[in-house]
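# Structural overview
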2 protein chains.
Amino acid sequence: MKNWILFISTAVIVFLLAILAANIFERRSEAKYSYQPKVKLEGIEPRDSIWGLNYPRQYQSYRKTQDTTFKSMFGTSGHKDVLASEPDLVILWAGYGFSKDYNAPKGHAWAIEDIHKTLRVGSPMVPGEGPQPSTCWTCKSTDVPRLMSEMGVTEYYSQKFSDMGTQAINPIGCADCHNPETMQLTITRPALIEAFEAMGKDINKASHQEMRSLVCAQCHVEYYFDKTRPGQEKAAYLTFPWKNGMEVENVEAYYDKIEFSDFTHALSKTPMVKAQHPDYEIYQMGVHAKRGVSCADCHMPFQTEGGQKFTNHQIGSPLANIENSCFVCHREKVQDLITDVYDRQRKIKEGTNAVQRQIAMAHIEAAKALELGATEVQMKGIQQKIRHAQWRWDYSVASHGAAFHAPLETSRIVSSATAIIQEARIELTRLLATLGYNQPVPMPDFTSKEALQAYIGLDIPKEKAAKVTFMDQVIPQWLKEGKAREAQKPAKIVSSR
Amino acid sequence: MKNWILFISTAVIVFLLAILAANIFERRSEAKYSYQPKVKLEGIEPRDSIWGLNYPRQYQSYRKTQDTTFKSMFGTSGHKDVLASEPDLVILWAGYGFSKDYNAPKGHAWAIEDIHKTLRVGSPMVPGEGPQPSTCWTCKSTDVPRLMSEMGVTEYYSQKFSDMGTQAINPIGCADCHNPETMQLTITRPALIEAFEAMGKDINKASHQEMRSLVCAQCHVEYYFDKTRPGQEKAAYLTFPWKNGMEVENVEAYYDKIEFSDFTHALSKTPMVKAQHPDYEIYQMGVHAKRGVSCADCHMPFQTEGGQKFTNHQIGSPLANIENSCFVCHREKVQDLITDVYDRQRKIKEGTNAVQRQIAMAHIEAAKALELGATEVQMKGIQQKIRHAQWRWDYSVASHGAAFHAPLETSRIVSSATAIIQEARIELTRLLATLGYNQPVPMPDFTSKEALQAYIGLDIPKEKAAKVTFMDQVIPQWLKEGKAREAQKPAKIVSSR
């Protein structure tokens, strides 16, 4: 009897173990099946749709960067016109493309469509026309590594924006960050490699965790177009100004030393530097970077689907996905975490709003001084202060998420910009009195983008009309030619098991 | 044989268990012994040495607040002369006692000795003399709750500082925060209770964890002396200006509404508000408070000694005891944590240093305008801006540890002060030009405390000589009388077990 019980129990246990084993095998084969390559990726493949055949979860989540429904406290979802909500920026950028058109950041999937549409690149009807160099494509398209490989880097930087319209048709995607054979993270843009070299560092020594930020740092950085490289003067060579360090003062000193300016201000005649988006630089000055958290840890958190763990490629605000991002370390209520972020943003926004108005006033006061006959000598020190104050302000606002990534550093920069513009405006007041004008300078209506654009002499209706023609006639042609070229290179299907 | 082994093993195990039990009993009796009262605490007992007979660990650790060896990055250990290291403060406080003498914070144990020594309270040779009211003792001595109980609160606030010299001889101590019978945390200063009432709150509803901050908030707050209470006009009634909220703008609006000023500035003739030390207010705006961390959690961490867990009463910088304070939540390298704190302090110090110089210059520029005949009407708006800028600067620096407790809020305040003083100085520049003075106003040597004290007309050598006489002749008498009074009330020894 006793033996029978033992026998039956054993049989039952063995049966259950077999079911468990079968389940494990099934999941393992499921995993294998998921990563079974469907196509062979050859050379630089700019089309995400082809990578997506091998990596459907990553591809499908990446496609969601088209989604513009998430709204931050400032309502910065897809289509926000920043100049309309903060019109003083029109004055700050008078004489530069940003005074025409500047929108809130949108997902990677929009990169090509949005660069076509912005007034900043003009409306070039034929190749060779227009205000911008081909360098403007560098962070917009997976076609860029392909073009650099085909043409050579310097030759690529030496074209006009309009020369590459039929070539750059795929927005930011897989090929920008991944090696097609090993899927390892990889640096495809030479500017980052060169910036590391300039600092005496070797980017090949970066760890995988560092690479999870460095692939982003290919584009999410401060940069400028160097047109003075010996023997490469035709090129607008993409360069990161990191040689002396990444703090706002280091980069300011770098630009001062090489006497670089992006534009001469239309009102104050100041040689200005436009900050781009020093996201990587400012992120490094915050506590998350100090604790070893990478960009991807928050912006591309791990996720599980159908038994598969994968990196969610819907890059965007972690606030849209707190449970998968913040919660890994912070066990707090969702609403508390959101409030913490918005508090930081609100406190810094207060300072940046104040200082941008003060800088706008300084430009207008300087214009008045020039109108009254101020000399170059009288203006020089004032213009240098305006240049520095606006550079610092811009460094603090142009970076996506600076107010969260390194709130105190950002606030410190704002304080310093406020102190510098103070000195400029006191000197301006004194200079104006010397020139016989001892009263406040009349200011335009700071609440209307259109009024300010007219004030600085822009003809926006004309530019918009040209853009409509460009979108109607040029863009369909660019895309048609690009697609026809790609049709010559179909995906290589791998034979199934 | 088998049974013998079982028997011997059992005997051994029982023997070991008995030893363990004995050890546990011993520790329990040790614990009992520690908390066996030696003396009966009756009424308000100002002498820590008597409380210490019952609570030796707390007492002994509290006595270590005499220790001044810890130095922060700014070298702010016990004896630092802040006016010597930041002389522009002399200008900011011209017309007020702080321009004479201002030292870095020291431990609680020094409260009485240091208030005797400071030039701010003058050198009153007889009762009734001197510049300060008795209210100045309120946060310095455990004798204050006793005096309030004996005299009545309003009567206590209606004396001169010199009237209470023989009464207030025990520095901040046990009786300030503890109920002598239950040892529960308790509020002994009416100002905090009244401030809660003014906000429509009941402090009796505070939780124990809240009390671990609120006992500190009896003193570590912004306050002023209200001399306008109906029927109590003789009193300098200690009041916390919290009715509209604790943010710097709330308190500024409060003071503006009641047209309060601590002093009229000797140079700019501005009605000024001196910020005290809004530690509790600013701490509440930081992440530690938001996560429920109390003052005591970091400044009085739990510790174990001889099997006893107790609260370490050596109140001071948590940086001197990171292992017991920060480590409870933050598992980082000690040096990383220290660097994090110093980074925050350095970034804010940069802004406060800049703005304090700008405010000092504004005072001097305003004095020049007055000298040249500026009218009250011309000065009013400018003075209001100087008042607000300096108030905000002061709120950000006067708080012990604001740069760590709420770095971003502190930096926000600094930015706002910088923006306000900018407007004041631009208006001043324009006003000076109107008065025929269109050039920078000559500035004194901002690097010398002595030069600046002479510049604002202080006779410090004379005040120091008076202080020497006061310390020689008055203080020994005050202490002698006080001790004699206390000798009448010996400790009540409780009969031993």
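As recorded in an unreviewed UniProt entry, chain A goes by the name nitrite reductase (cytochrome; ammonia-forming), listed as coming from Algoriphagus alkaliphilus. What the UniProt record of chain A gives under Subcellular location (unreviewed entry) is the line "Cell envelope". UniProt lists a comment for chain A under the heading Sequence similarities (unreviewed entry), and it reads "Belongs to the cytochrome c-552 family."

## A closer look at the overall build of chain A
From N to C terminus, chain A includes 20 helices and 8 strands. With the C-alpha coordinates of chain A rotated into their principal frame, the extents come out at 115 × 55 × 45 Å. By the burial criterion, 50% of the 497 residues in chain A qualify as buried. Nonlocal contacts in chain A, meaning residues at least 24 apart in sequence, comprise 72% of its contacts between residues at least 6 apart.

## Some thoughts on the relation of the copies chain A and chain B
Relative to chain B, chain A is turned by 180° and slid 0.1 Å along the rotation axis, the superposed coordinates differing by an RMSD of 0.3 Å. A rotation of that kind, with that shift, is consistent with a two-fold axis. Of the residues that chain A buries at the interface, 100% are likewise interface residues in chain B, meaning the two copies contact each other through the same surface.

## Structural notes on helix H18 (residues 407-434) of chain A
Residue and element names in this part refer to chain A. Here H18 contains 28 residues, and its C-alpha end-to-end distance of 41 Å stays within 8% of the 40 Å for a straight helix at 1.5 Å per residue. Among the 28 residues of H18, 25 are classified as buried, and the element is accordingly described as predominantly covered. After H18 finishes, the residue Gly436 shows a positive phi value of roughly 90°.

## Observations regarding unusual backbone geometry
All names here are of chain A. Residues other than glycine seldom take positive phi values, yet Met183 does so here, at roughly 65°. Among the structural elements, Met183 can be located in the loop between helix H8 (153-157) and helix H9 (190-198). Relative accessible area serves as the criterion here: at 22%, Met183 is assigned to the partly exposed category. Positive phi outside glycine occurs at Lys269, with the angle close to 60°. Turning to its location among the elements, Lys269 is positioned in the loop between strand S4 (263-264) and strand S5 (271-272).

## Quick notes on the pairing of strand S7 (residues 308-311) of chain A
Inspection of the sheet shows strand S6 (residues 302-305) of chain A paired to S7(A) by 4 bridges, in the antiparallel sense. Across the sheet, Phe302(A) pairs through a bridge with Thr311(A), a residue of S7(A).

## Examining the interface of chain A and chain B
Taken residue by residue, the interface counts 35 residues in chain A and 35 residues in chain B. The contact between chain A and chain B buries some 3,200 Å² in all, and 47% of this surface belongs to carbon and sulfur atoms. Looking only at chain A, the three residues that lose the most surface to chain B are Lys347(A), Leu408(A) and Arg430(A), adding up to 21% of its buried area. Viewed at the interface, chain B and chain A are joined by 14 salt bridges. Across the pair Lys290(B) and Asp343(A) runs a salt bridge, and its minimum N-O distance is 2.5 Å. There are 20 residue pairs in polar contact (both at pLDDT 80 or more) connecting chain A and chain B. For the side of chain A that touches chain B, the element with the highest residue contribution is H18(A), accounting for 19 residues.

## What about the confidence of the model for chain A?
The predicted model of chain A averages 94 in pLDDT, with 96% of residues at 70 or higher. Scoring of the predicted complex yields 0.91 for pTM and 0.89 for ipTM.

## Overview of the pattern of salt bridges
Taken as a whole, this structure holds 62 salt bridges over all chains when the rule is applied. Between Arg291(B) and Asp340(A) there is a salt bridge; the shortest N-O distance is 2.4 Å. Taken together, the residues Arg291(B) in the loop between helix H13 (287-290) and helix H14 (295-299) and Asp340(A) in helix H15 (residues 334-371) connect one chain to another. For Arg291(B), a relative accessible area of 31% corresponds to the partly exposed category. Where Glu423(B) meets Arg425(A), a salt bridge forms, and the shortest distance between an N and an O atom there is 3.2 Å. Highlighted residues: Glu423(B) in helix H18 (residues 407-434) and Arg425(A) in helix H18, drawn from two different chains. Since its relative accessible area comes to 26%, Glu423(B) is described here as partly exposed. Here the salt bridges do not stand alone but share partners, grouping Glu247(A), Glu249(A), Glu252(A), Arg392(A), Glu409(A), Arg412(A), Lys347(B) and Glu350(B) into one network.

## Let's talk about the state of the cysteines
Residue and element names in this part refer to chain A. What the rule picks out here adds up to 2 disulfides over all chains. Paired through a disulfide, Cys139 and Cys219 show a sulfur-sulfur distance of 2.2 Å. Its S-S torsion of about -95° marks the bond between Cys139 and Cys219 as left-handed, since a negative value means left-handed. A residue pair is termed long-range when its members are at least 10 positions apart, and Cys139 in the loop between helix H6 (111-117) and helix H7 (143-151) and Cys219 in the loop between helix H10 (208-214) and strand S2 (224-226) qualify at 80 residues. Comparing Cys139 with Cys219 shows no difference in burial state: the two are buried. Just so you know, Cys136 is unpaired, no disulfide at all, and the nearest cysteine sulfur is the one on Cys139, 10 Å from it.

## Points about the packing of aromatic side chains
Counted by the stated rule, this structure contains 48 aromatic pairs over all chains. Pairing Phe98(A) with Tyr102(A) gives two aromatic rings, centres 5.4 Å apart and planes at 70°, and the pair type is edge-to-face. Accessibility expressed as a relative area gives 13% for Phe98(A), which makes it buried. Between Trp4(B) and Phe7(B), the aromatic rings sit 6.0 Å apart at their centres with planes inclined by 85°, giving edge-to-face as the arrangement. Taken together, the residues Trp4(B) and Phe7(B), both in helix H1 (residues 2-34) and 3 residues apart, mark about one turn of the helix. Take Trp4(B): its relative accessible area is 58%, and that puts it in the exposed class. Relative accessible area serves as the criterion here: at 55%, Phe7(B) is assigned to the exposed category.

## Re the packing of H18(A) against helix H15 (residues 334-371) of chain B
Running from amino to carboxyl end, H18(A) crosses H15(B) at an angle of 20°, the nearest separation of the two axes being 9 Å. Considering their axes alone, H18(A) and H15(B) lie roughly parallel with respect to each other. The handedness of the crossing between H18(A) and H15(B) is left-handed. In this structure, H18(A) uses Leu408(A), Glu409(A), Arg412(A), Ser416(A), Ala419(A) and Gln422(A) to contact H15(B), whose residues at the interface are Arg344(B), Lys347(B), Ile348(B), Glu350(B) and Gln358(B). Of the residues that constitute the contact of H18(A) with H15(B), the class distribution is 3 nonpolar, 3 polar and 5 charged.

The rules behind these values
- Residues numbered from 1 in each chain as written.
- Chains lettered and ligands numbered in written order.
- Predicted model: local features only at pLDDT ≥ 70, side-chain atom pairs only at ≥ 80, totals over all residues.
- Heavy atoms only, no water.
- UniProt positions renumbered as here; feature names shortened; annotations may be inferred.
- Helix = DSSP H or I, 4+ residues; strand = E, 2+ residues; numbered from the N terminus.
- Buried < 20%, exposed > 50% of the residue type's maximum accessible area, 1.4 Å probe, protein only.
- Contact = heavy atoms within 4.5 Å.
- Least-squares fit on C-alpha atoms with pLDDT ≥ 70 in both.
- Expected span 1.5 Å × (residues − 1).
- Pairing = 2+ DSSP bridges.
- Buried area = accessible area lost by both parts, 1.4 Å probe.
- Salt bridge = Lys/Arg side-chain N within 4 Å of Asp/Glu carboxyl O.
- Polar contact = N/O pair within 3.5 Å; in protein donor to acceptor, adjacent residues only side chain to side chain.
- pLDDT = per-residue confidence, 0-100.
- Disulfide = S-S within 2.5 Å.
- Phe/Tyr/Trp six-rings, centres within 6.5 Å; stacked < 30°, edge-to-face > 60°.
- Axes fitted to C-alpha atoms, helices over the stretch in contact; angles between N-to-C directions.
- Parallel < 35°, antiparallel > 145°, perpendicular 65-115°, else oblique.
- Left-handed = near helix turned anticlockwise from the far one by under 90°.
- Nonpolar A, V, L, I, M, F, W, Y, C, P; charged D, E, K, R; others polar.

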